[in-house]
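# A closer look at the structure
Given next are the chains, with one letter for each unit.
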Amino acid sequence: MKRCPACDGCRHYRLADGRFKCRACGRRFSWTSAWDSVRLASATKHRLLALFVLGVPSYRQRFRRDASAQARERFYRLLRACCAQVEQLREPFEGAVECDETTFGGARKGKRGWGAAGKVIVFGLVKRNGRVKAMPIPVHDRVSIMREIEAHTREGALYYTDEWQAYATLKLRGEHVMIRKEKGKPVGRDHINGIEGFWSYAKNWLYPYRGVPRQYFHLYLAEVCYRFNQREQDLKPLLHKLLRQTSIQELRSTLVRKS
């Protein structure tokens with residue numbers, strides 16, 4: 001939906017020069033959808049959208065001549081930015097929530113575990129039998145974890161976590177169930193299989209890309225979250241509508257993650 005960048009109003013009219021004028025504050029502004037910002041033929045964009053939904057990486061289309069590699073990458077980047085915007089606007093979780101953290105990145109020589117070089121640390125939340133949220137965090141510590149929990153969950157939720165001591169203060173926000181494991185399996189009926197299953201889903205989905213640019217990793221992660229949250233629906237009409245209704249100006253702050 002076209003909204004005024006000054007007052008966020010949606011009542012406007014079109015001017016002769018192609019711009020719009022807000023009826024509430026009188027500001028003139030331009031609006032271009034993410035779909036129209038890509039200067040490719042409509043048939044080419046529809047084909048790229050279909051391949052994106054199927055998960056075909058750009059490098060596997062290198063022998064196609066209807067679009068350059070740079071044009072394909074930019075179109076896919078806009079798609080992922082739209083997914084990221086949808087995931088950012090998702091309401092905080094309440095009820096039973098599973099929390100966990102992991103690392104993404106290829107196998108490298110040297111130290112393993114949380115201190116391994118070249119890895120991206122990701123924190124994730126899964127609402128039981130529902131949706132998922134995942135976001136990169138700068139450091140694997142209590143401050144970073146609690147910041148994300150406070151931003152993406154409501155007080156009074158029921159938290160399921162592992163035995164990491166950083167989760168100890170969760171009992172101040174709601175109920176906290178700590179999952180204890182023996183030989184990698186949970187003891188008792190409580191578990192965090194939902195978020196661990198999502199980690200497997202995400203890493204398997206990203207594996208065919210054979211490496212993801214670090215500055216755009218948050219877009220790839222948002223794409224995986226969007227696919228997981230919409231797994232019961234046909235993505236092609238959803239993404240096409242999303243590109244038509246999202247302004248390219250709104251996506252500029254999402255395209256590159258600030259360090």
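Overview of the structure. (Residues numbered from 1 in each chain as written. Predicted model: local features only at pLDDT ≥ 70, side-chain atom pairs only at ≥ 80, totals over all residues. Heavy atoms only, no water.)

Okay, unusual backbone geometry next. Phi is positive for Asn129, close to 55°, though the residue is something other than glycine. For Asn129, the location among the structural elements is in the loop between β5 (120-127) and β6 (132-136). A relative accessible area of 83% means that Asn129 is categorised as exposed. For Arg210, which is not glycine, the phi dihedral falls at a positive 55°. We classify Arg210 as exposed; its relative accessible area is 53%. (Helix = DSSP H or I, 4+ residues; strand = E, 2+ residues; numbered from the N terminus. Buried < 20%, exposed > 50% of the residue type's maximum accessible area, 1.4 Å probe, protein only.)

Applying the stated rule across the entire model yields 11 aromatic pairs. Judged by centre distance (6.3 Å) and plane angle (45°), the ring pair of Phe75 and Tyr76 falls under tilted. You can call Tyr76 buried: its relative accessible area is 2%. Taken together, a centroid distance of 5.2 Å and an interplanar angle of 75° make the contact between Phe198 and Phe228 edge-to-face. Of this pair, Phe198 sits in helix α4 (residues 193-206) while Phe228 is found in helix α5 (residues 217-229), placing the two residues 30 residues apart along the sequence. (Phe/Tyr/Trp six-rings, centres within 6.5 Å; stacked < 30°, edge-to-face > 60°.)

Moving on, we come to α4. For α4, which comprises 14 residues, the first-to-last C-alpha distance of 20 Å matches the rise-based estimate of 20 Å (1.5 Å per residue) to within 8%. Within the span of α4, buried status applies to Ile195, Phe198, Trp199, Ala202 and Leu206. Viewed end-on, α4 has its buried residues packed into an arc of 105°, placing them on one side of the element. Residues of α4 that are buried in the fold lie against β4 (96-104), β5, β6 and α5. (Expected span 1.5 Å × (residues − 1). Arc of directions from axis to C-beta. Contact = heavy atoms within 4.5 Å.)

Before going further, it helps to spend a moment on the pairing of β4. Burial of β4 is extensive: 8 of the 9 residues sit out of reach of the surface. Here β4 pairs with strand β7 (residues 158-161) via 3 bridges, running parallel. Bridging from a neighbouring strand, Ala96 pairs with Leu158 of β7. With 8 bridges joining them, β4 and β5 adopt antiparallel strand pairing. Across the sheet, Glu98 pairs through a bridge with Val126, a residue of β5. (Pairing = 2+ DSSP bridges.)

Any two side chains of opposite charge can pair if their charged atoms end up close together. Overall, the coordinates contain 10 salt bridges when judged by the stated rule. Between Asp66 and Arg64 there is a salt bridge whose closest N-O contact spans 3.8 Å. With a relative accessible area of 42%, Arg64 lands in the partly exposed category. Here the salt bridges share partners, and the residues they tie into one network are Arg47, Arg64 and Asp66. (Salt bridge = Lys/Arg side-chain N within 4 Å of Asp/Glu carboxyl O.)

Now for helix α1 (residues 42-54). Its 13 residues give α1 an end-to-end C-alpha distance of 19 Å, which sits within 8% of 18 Å, the value for a rise of 1.5 Å per residue. By the burial criterion, the buried members of α1 are Thr44, Lys45, Arg47, Leu48, Leu49, Phe52 and Val53. Contact partners of the buried residues in α1: α2 (69-88), α4, α5 and α6 (235-245). Looking one or two residues beyond α1, the residue adopting positive phi is Gly55, at roughly 85°.

The next point concerns the environment of Thr254. The residue Thr254 is located in helix α7 (residues 248-255) in this model. For the pair Thr254 and Leu219, spaced 35 residues apart in sequence, the C-alpha separation works out to 8.2 Å. For Thr254, the contacting residues outside a window of four places in its chain are Ala81, Ala84, Gln88, His218 and Leu219.

Attention shifts here to the environment of Ser30. Mapping Ser30 onto the fold places it in the loop between β3 (28-29) and α1. Sequence spacing of Ser30 and Gln249 is 219 residues, and the spatial spacing of their C-alpha atoms is 9.2 Å. Sequence-distant contacts of Ser30, defined by excluding residues within four places in its chain, comprise Arg19 and Gln249.

By size, the foremost hydrophobic cluster in this structure holds 49 residues, and its most contacted members are Phe75, Leu79, Val122, Phe198 and Leu239. Listed by contribution, the elements that provide at least two residues to this core are α1, α2, β5, β6, α4, α5, α6 and α7. A per-element tally of this core places α5 first, with 9 residues. Once residues lying within four places of it in the same chain are set aside, the contact partners of Leu79 are Leu49, Phe52, Leu239 and Leu243. Phe93, Val97, Met135 and Ile149 belong to the second-largest nonpolar core, a separate cluster that totals 15 residues. (Core = buried A, V, L, I, M, F, W, Y, C linked by side-chain atoms within 4.5 Å.)

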